[in-house]
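The residues making up each chain are set out below.
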Amino acid sequence: LNLTKAFLFVLGAVVLIYLDFAPVEYLTFAVVLCYYLLLAVGWNIVGGVTYLASFAQAAFATLAAYISAMFVTYTGSVVPVGMAVGIIAVIAISYGLGYITLRMGGAYLALATIAFSESVRVWLTVNESLTGGAAGYFPAPLIPGGTPAEYCYLFVGVTITSIYFTYRLLKSKRGVLMKAVGNDEEAASALGVNVRAIRLFAFTLSGLFAAIGGVLFAHYLQVIVPADGSLMEQATIMAGPIVGGLGTIFGPVIGTLIIIGARDIIRTYLGPYDVLFFGIIMIVSMKFARNGIVGMLTSPRVRSFGRRVLSRTGEPFRKRTSATNEFERRSEFTQQKGN
Amino acid sequence: MLGLDTLASLLIFGVLLSLEYALVALGVTIIFGLMKLINFAHGEIFMLGGYIQYYFLLWTGLNPLVALPVSFLAGLAIGSAIERALIRPTYTTSLSKAGEYAVIITFGLSLFLQNFALFGFGYEYRSPPALWPVTITVGTLSISGDVVLTSVMAAVSIIAVLLFIERTWAGLSMKAVAQNLVGAQMAGIRPAWTNNVGFALGAGLATIAGALLAHTYLVYPYDGVLPVLTAFTVVVLGGLGSIKGTLIASFIVGMAYSFLGALVSFSYVNIYGLVILLIVLVVRPQGLFGQKERTF
């Protein structure tokens, strides 16, 4: 158990205990944040790691929510069964959509997912007798009579598990293959990586994350509307990883925290200008800081500045490695020889 | 089950619809053919064209046909500015993953423009005065003059653009860049210039389509979303980057919408597009006239 892990452990314990005493507004915010974190971390796998622009994340979440809610209403089964049905259905849909569109380049996936998410929204709105139309649908509660703290524990638990799973995935062999495909698909293909299978895996996995987030949030909030799957929601989901740093593990977490916090502040104090702000922030960060906040913090310039501060001499601090030692030993040796 | 006059009216409706779709989709195709990027803000430039038409007519009170060139010129300026400010890094610098950069940046632009219109122009539905306030009656079929004149103007614009591409120096150099970038550069064509002209032309087509369709449909901040989705379907069906494919595909999609809308259900008209798109991607992934890319 090293120092970082111990620190995270203590921090986690403090937060979990605090949740029991926290005001309700904080708990609601935490639940909403967890929902967006799940979706953003899932989108980051396909959009950040394998670098495919998918616009279907919000649509997958909404679809899973509707399937789960309607399954529970029409069959009278318990909520967890409906949630499982919703998640499995969305995995099948995302696999099918990816299977069809990933045969061609990334542009086709972007076009097909944007058409898919608009079609889902239109279908849910038009089909009023089945889905309640634009007025929305009302799913059964996941925990009957559950307090905000109980929901908050559930959401925080699921979210942390998902982030940890993504962290392990990116460290694993499959994660490295995904990064390779994202960096240069031709080079990866030349080295024998099945590019299409890796992309399909990433796309389906993002669908799974969206479905989990969608069903949990639907049965927590107990109201879902077709607009949940709109491109505006998709923009909110995408803005977090883009601002934080695409393809990293902590980038989407930091970015989503900032974006959802900013959304609440903008909506409370300025008005409904949040999506306008997200559009601007997407353009600005793609144009000037393509690697996001994490990229800025880990850029050579910032790191050398940090080392200079740490070494307190103004000179860049050089990390001593065995190679440095070896170099100095040899240069001493040659100097002696010269004398 | 189908009477002859119903069939005729569906055919005419289909042709009118396909001319409108062809006009919207042609801009997407030109931009994709040149720069290999999809302009997700196309629908919002279309929407801006509608607002330009509406406000220009509101303030000057001129004939709507006079306002059309104004919308077109405004579209050229908007497109040129967007290309210069945001799209140029995708081909002048050695940007890795330029396609995905362009997708996210044009998506961000589309959100920005939608919300800009929402707060700048308001969420009300607006409608400019009629283009040609008559009703044309052929047998049992009656069509509003607006729809007819819109389609005629769409056909005129499409023919003008095709002539521009085939007959002028700028158009031919655009074609050269689309066919072979390196070869065109060796022949002394600057891609930065052709791409700027091409993007401006695409945006000009979007604004003129928006201005024309503003007379038939309504103008509101989200009015570009559904036409441009249809345009994306058309472009994929025809094969990305192929102008001939786009024109034929828009005819197919227009007919499909007209007949399926009448025979099955009109509420689902925008979903038929997705169904057609998916069928095409299964059966013939490169579209009707697209070139087969290397795939993995």
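For the structure itself, consult the block above.
Conventions used here
Residues numbered from 1 in each chain as written. Chains lettered and ligands numbered in written order. Predicted model: local features only at pLDDT ≥ 70, side-chain atom pairs only at ≥ 80, totals over all residues. Heavy atoms only, no water. Helix = DSSP H or I, 4+ residues; strand = E, 2+ residues; numbered from the N terminus. Buried < 20%, exposed > 50% of the residue type's maximum accessible area, 1.4 Å probe, protein only. Contact = heavy atoms within 4.5 Å. Areas by Shrake-Rupley, 256 points an atom, 1.4 Å probe, with all protein chains shown as cover. Buried area = accessible area lost by both parts, 1.4 Å probe. Salt bridge = Lys/Arg side-chain N within 4 Å of Asp/Glu carboxyl O. Polar contact = N/O pair within 3.5 Å; in protein donor to acceptor, adjacent residues only side chain to side chain. Axes fitted to C-alpha atoms, helices over the stretch in contact; angles between N-to-C directions. Parallel < 35°, antiparallel > 145°, perpendicular 65-115°, else oblique. Left-handed = near helix turned anticlockwise from the far one by under 90°. Nonpolar A, V, L, I, M, F, W, Y, C, P; charged D, E, K, R; others polar. Core = buried A, V, L, I, M, F, W, Y, C linked by side-chain atoms within 4.5 Å. Phe/Tyr/Trp six-rings, centres within 6.5 Å; stacked < 30°, edge-to-face > 60°. Lys NZ or Arg CZ within 6 Å of the ring centre and 35° of its normal. Patch = residues over 30% accessible without salt bridge, like charges linked within 9 Å, V, L, I, M, F, W, Y side chains within 5 Å.

### A few points about the overall build of chain A
Scanning chain A for helices and strands turns up 16 helices and 0 strands. The burial tally for chain A puts 49% of its 339 residues in the buried class. Nonlocal contacts in chain A, meaning residues at least 24 apart in sequence, comprise 76% of its contacts between residues at least 6 apart. Working note: accessible area of chain A is about 16600 Å², and carbon and sulfur atoms make up 66% of it.

### Re the interface of chain B and chain A
Opposite the 45 residues of chain B that make contact, chain A presents 50 residues. Note on chain B versus chain A: buried area summed over both sides is about 4300 Å², and carbon and sulfur give 78% of it. Along the contact surface separating chain B from chain A lie 0 salt bridges. Applying the counting rule to chain B against chain A returns 1 residue pair in polar contact (both at pLDDT 80 or more). Where the side of chain B that touches chain A is concerned, the elements lending two or more residues are α3 (64–87), α5 (98–120), α10 (225–238) and α12 (269–283) of chain B. Tallying contributions element by element places α5(B) first for the side of chain B that touches chain A, with 14 residues.

### A short note on the packing of helix α11 (residues 231–244) of chain A against α5(B)
Closest axis-to-axis distance for the α11(A)/α5(B) pair is 11 Å, and the angle between their directions is 130 degrees. Comparing the axis directions of α11(A) and α5(B) gives the class oblique. In this structure, α11(A) crosses over α5(B), and the sense of that crossing is left-handed. Here Leu231(A), Met232(A), Ala235(A), Met238(A) and Ile242(A) of α11(A) come into contact with α5(B), specifically with Ile104(B), Phe107(B), Leu111(B), Gln114(B) and Asn115(B). When the residues that make up the contact of α11(A) with α5(B) are grouped by side-chain class, the tally is 8 nonpolar, 2 polar and no charged.

### Some words on the nonpolar core
With 164 residues, the main nonpolar core has Phe55(A), Phe116(A), Phe40(B) and Phe232(B) as its most contacted residues. At 14 residues, helix α2 (residues 24–49) of chain A tops the list of elements feeding residues into this core. In this view, Phe55(A) contacts Ala110(A), Thr113(A), Ile114(A), Ser117(A), Leu231(A), Gln234(A), Met238(A), Phe40(B), Val103(B) and Phe107(B); residues no more than four positions away in its chain are not counted. Counting residues in each nonpolar core, the second largest holds 16 residues, with Val41(A), Ile45(A), Val181(A) and Ala188(A) among its members.

### Describing the side chain of His42(B)
Looking at the element boundaries, His42(B) is found in helix α2 (residues 42–60). Apart from the residues lying within four places of it in its own chain, the contact partners of His42(B) are Val24(B), Gly27(B), Val28(B), Gly202(B), Ala206(B) and Val228(B).

### Observations concerning the pattern of salt bridges
All names here are of chain A. On inspection of all chains with the given rule, the structure shows 6 salt bridges over all chains. One salt bridge connects Arg121 with Glu118, and the closest N-O pair in it is separated by 2.8 Å. Residue Arg121 and its partner Glu118 are located together in helix α5 (residues 106–126), separated by 3 residues, close to a single helical turn. Residue Arg121 is classed as partly exposed on the basis of its relative accessible area of 25%. The buried category is assigned to Glu118, whose relative accessible area is 4%. Residue Arg199 is joined to Glu185 by a salt bridge in which the shortest nitrogen-to-oxygen separation is 2.7 Å. Taken together, the positions of Arg199 in helix α10 (residues 195–221) and Glu185 in helix α9 (residues 185–190) put the pair 14 residues apart, joining distant regions of the chain.

### Quick word on the packing of aromatic side chains
As enumerated under the stated definition, the model contains 26 aromatic pairs over all chains in all. Residues Phe55(A) and Phe107(B) carry aromatic rings whose centres are separated by 4.5 Å and whose planes lie at 55 degrees to one another, so their mutual orientation is tilted. Within this pair, whereas Phe55(A) is found in the loop between α2 and α3 (57–75), its partner Phe107(B) is found in helix α5, the two belonging to separate chains. Geometrically, the ring pair formed by Phe277(A) and Phe278(A) is tilted, given 5.7 Å between the ring centres and 55 degrees between the ring planes. Clustering of aromatic rings is evident, with ring pairs tying together Tyr51(B), Tyr54(B), Tyr55(B), Trp59(B), Phe112(B), Phe116(B) and Phe121(B). A cation sits over an aromatic face here: Arg174(A) above Phe201(A), 4.4 Å from the ring centre. Stacked on the ring of Tyr99(A), the Lys or Arg Arg196(A) has its end atom at 4.9 Å from the ring centre.

### Some words on the packing of α2(A) against helix α7 (residues 148–171) of chain A
Residues and elements named next belong to chain A. The N-to-C vectors of α2 and α7 enclose an angle of 20 degrees; their axes lie 9 Å apart at closest approach. Relative to α7, the element α2 is oriented roughly parallel. When you trace α2 past α7, the crossing you get is left-handed. Between α2 and α7, the residues in contact are Val24, Leu27, Ala30, Val31, Cys34, Tyr35, Leu37, Leu38, Val41, Ile45 and Val49 and Pro148, Ala149, Tyr151, Cys152, Phe155, Val156, Val158, Thr159, Ser162, Ile163, Thr166 and Leu170, respectively. Here the residues of the contact of α2 with α7 are counted per class, giving 20 nonpolar, 3 polar and no charged.

### Details of a nonpolar patch on the surface
Among the surface-exposed residues, Ile265(A), Tyr269(A), Leu270(A), Tyr273(A) and Phe119(B) lie close enough to one another that they form a single nonpolar patch of about 560 Å² accessible area. Turning to its location among the elements, Tyr273(A) is positioned in the loop between α12 (250–269) and α13 (274–288). The exposure class assigned to Tyr273(A) is partly exposed, which follows from its relative accessible area of 34%.

### Regarding the environment of Leu23(B)
Residue and element names in this part refer to chain B. Locating Leu23 in the fold gives a position in helix α1 (residues 4–35). Under the relative-accessibility criterion, Leu23 is labelled buried at 3%. Remark: the alpha-carbon pair of Leu23 and Leu205, spanning 182 residues in sequence, is separated by 6.8 Å. Not counting residues within four places of it along the chain, the set of residues in contact with Leu23 comprises Ala154, Ser157, Ile158, Leu205, Ile208, Ala209 and Leu212.

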